[in-house]
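Next come the chains, spelled out residue by residue.
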Amino acid sequence: MENSKFATKIGVVMAAAGSAVGLGNIWRFPYLTGENGGGAFLLVYIVCVLLVGLPVMLSEFVIGRRSGKNALGAMRALSGSRRWNWLGWSCVACSVLILAFYVVVTGWCIRHLLLSLFGVAPPDMVNTLIALAVNAAVLWMGVQKGIERMSRWLMPLLLVLLLLLVLRSLTLPGSMDGLRFLFRPVWSKITGDVWLSALSQAFFSLSIGLGCMLTYAAYMRKNQNMPRTALQVAGIDTLVAIVAGVAVFPAVFSFGFSPAEGPQLVFSVLPSVFAAMPWGGVFAVCFFFLLLIAAITSSVSIQEIAVAYLGEQHGVSRGRALVVTTAVTVVLAVACSLSLDGVFQIAGRSLFDWFDFLTSKFLMPLGGMGFVLFLGWFYPSEGSCEELQQGSRLPHWLFLCWLWAIRIPVPIAILIIFLHGLGMV
Ligand code: PHE
C-alpha cells in the first residue's frame, strides 16, 4: 500500500469491514454452525467475539497505528528488539496459507456466477486463477482507489440482497425448523470442539491474529476513534453472519438438506432458494457477483500483509512484491484446489483442510495471543493508553478493563480452548 492515509473516517471503517465481511460470514459461518449443533455454536461464537475478538482487534489497532508499520516492522519498532520477529513471520506465513485456500472458495463464487450467467463455467482450477488475478489487479491499484471505493457502495447492497434471500427463505414451508436450529441452543452440544471451532471462526471472520487489522491501522489517521471502529467492524461482521444464517438454515430444513453437509453447504442450498424465487436467475447473478466483491475485499487485505512486509522490511518494490506473493500463492492454491479432487492428501485430510486447520485453529489464535501478551505485559501501558485515547474519549476505567482483559483472561481463554481442542486438558 502506498504510504497514504485513508481519505475519510468512514473509509477506514468500510475498508476494515470489507476485510472482515467476506466468505467467512457467508460460506464458513453457516457450514460451521451446521456442523457444530446450530444455536449452541452461535451462542459460543458470540461469546468468543465479545470476550476475545474485540480485545484482540483493538490490540492490533493500537500496535498498527502506533508504529505505522507492517506486522513484523511494528513488533520490531515497538519492542526495540528482534525478539518478537517470530510473530511477524507467523503472520506473513499465515496470510499466504489463508490466501491459498481463500481464492479456491472465491473460485467457487466465480463458478456459480458464470453458471448463473451462461449456464457453463470452466474447471475450478481456472476459476481459482481468475480469483488470484483479480486480487492482484485490485492491489496494484492501491489503497484508496481500489479498496475504499469498492467496499463503500457494494457491501450495503450485499446486505440488502441477503435480506431478500431471508424473506424468501422464511416463507418456505417448514422454515421454522431452521430458525429453531439456529437460535435455540442445545446445551449438551457445547463441547471443547465447539469452543475451538467458534474461536477459530471469530479469528477468521474478524480478520484478526495475523496482522491484517494491524496493517490497516497503520494507515489510520490519529483522529480515528479506534474503540468505536472495532465495535462497528465486529458488529457489522456478526450481523452479516447471522443474517446469512437466517437466509440459509430455513432453506436447509425446508429442502431437506443436511445442516452438517460441510464446506459445500451454502453453495448447494442457495441455488435451490434462487430457483424457488421469481426472477431467481437475476438474483443469483447479483448475489454471486456481490459475494465475489466481498471475497475480493477480504482477499486483498490478506495479500497486503505479505506485500507490506516485503516492501517495508526488504525494500522490494510494490510491483515485485505483488508478483512474488501471487506466484507463491498460485502454486499453493492450485495444489489446494487439486487436493479436493483426491490428490495431495496428508494423513487423510486434503491440503485445503490442512491450510484451513493450521491457520484458523493454530496460527491465528497464536498471533492473537502474541499481540495481547505483548501489549499487556511488555509494552508500556502509558503508550497504549495514549494511542487509544487519540481520537476517542475512552474513559480511563474502560482502558484499565481492556488492559486487564488482555493481560489475563484473554490469553488464558485462548490457551485453554486451544489445549482443550487438541485434547490436552
Ligand atoms: N475475515 C475474512 C472473511 O470473513 C477473511 C479474512 C481472514 C480476511 C483473515 C483477512 C484476514 O471472509
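Scroll up to find the structure.
Since we're looking at a predicted model, the values are computed, not measured. (Residues numbered from 1 in each chain as written. Predicted model: local features only at pLDDT ≥ 70, side-chain atom pairs only at ≥ 80, totals over all residues. Heavy atoms only, no water.)

Bringing unusual backbone geometry into the picture now. With phi around 60 degrees, W279 is a residue other than glycine that occupies positive phi space. Examined against the element boundaries, W279 turns out to sit in the loop between α12 (265–275) and α13 (280–314). Residue classification places W279 among the exposed positions, given a relative accessible area of 69%. One non-glycine residue, A347, adopts positive backbone phi at about 50 degrees. Of note, A347 is situated in the loop between β1 (345–346) and β2 (349–350). In this structure A347 comes out as exposed when scored by relative accessible area, which is 75%. (Helix = DSSP H or I, 4+ residues; strand = E, 2+ residues; numbered from the N terminus. Buried < 20%, exposed > 50% of the residue type's maximum accessible area, 1.4 Å probe, protein only.)

The next thing to look at is the packing of aromatic side chains. As enumerated under the stated definition, the model contains 22 aromatic pairs in all. Seen from their ring centres, W84 and F374 are 5.0 Å apart, and the 70 degrees between their planes marks the pair as edge-to-face. Placement of the pair is W84 in the loop between α4 (71–79) and α5 (85–118) and F374 in helix α15 (residues 351–378), with a sequence separation of 290 residues. Assigned by exposure class, W84 and F374 land together as buried. On the numbers, 5.2 Å between centres and 70 degrees between planes, the contact of W84 with F378 is edge-to-face. Residue W84 is found in the loop between α4 and α5, and its partner F378 is found in helix α15; the two are separated by 294 residues along the sequence. Judged by relative accessible area, which is 11%, W84 ranks as buried. What makes F378 exposed here is its relative accessible area of 53%. (Phe/Tyr/Trp six-rings, centres within 6.5 Å; stacked < 30°, edge-to-face > 60°.)

Turning our attention to the site of the ligand. Residues in contact with the ligand amount to 16 residues; listed here are only the nearest, A20, G24, Y102, F204 and S207. S19 has a polar backbone atom sitting 3.3 Å from a nitrogen atom of the ligand. At 2.7 Å from a nitrogen atom of the ligand is found a main-chain nitrogen or oxygen belonging to F204. Relative to its free-state accessible area of 320 Å², the ligand is covered by the protein chains to the extent of 100%. Elements that contribute at least two residues to the shell around the ligand include exactly α1 (9–20), α2 (23–35), α9 (192–206) and α13. For the shell around the ligand, the class distribution of residues is eight nonpolar, eight polar and no charged. (Near = heavy atom within 4 Å. Polar contact = N/O pair within 3.5 Å; in protein donor to acceptor, adjacent residues only side chain to side chain. Areas by Shrake-Rupley, 256 points an atom, 1.4 Å probe, with all protein chains shown as cover. Nonpolar A, V, L, I, M, F, W, Y, C, P; charged D, E, K, R; others polar.)

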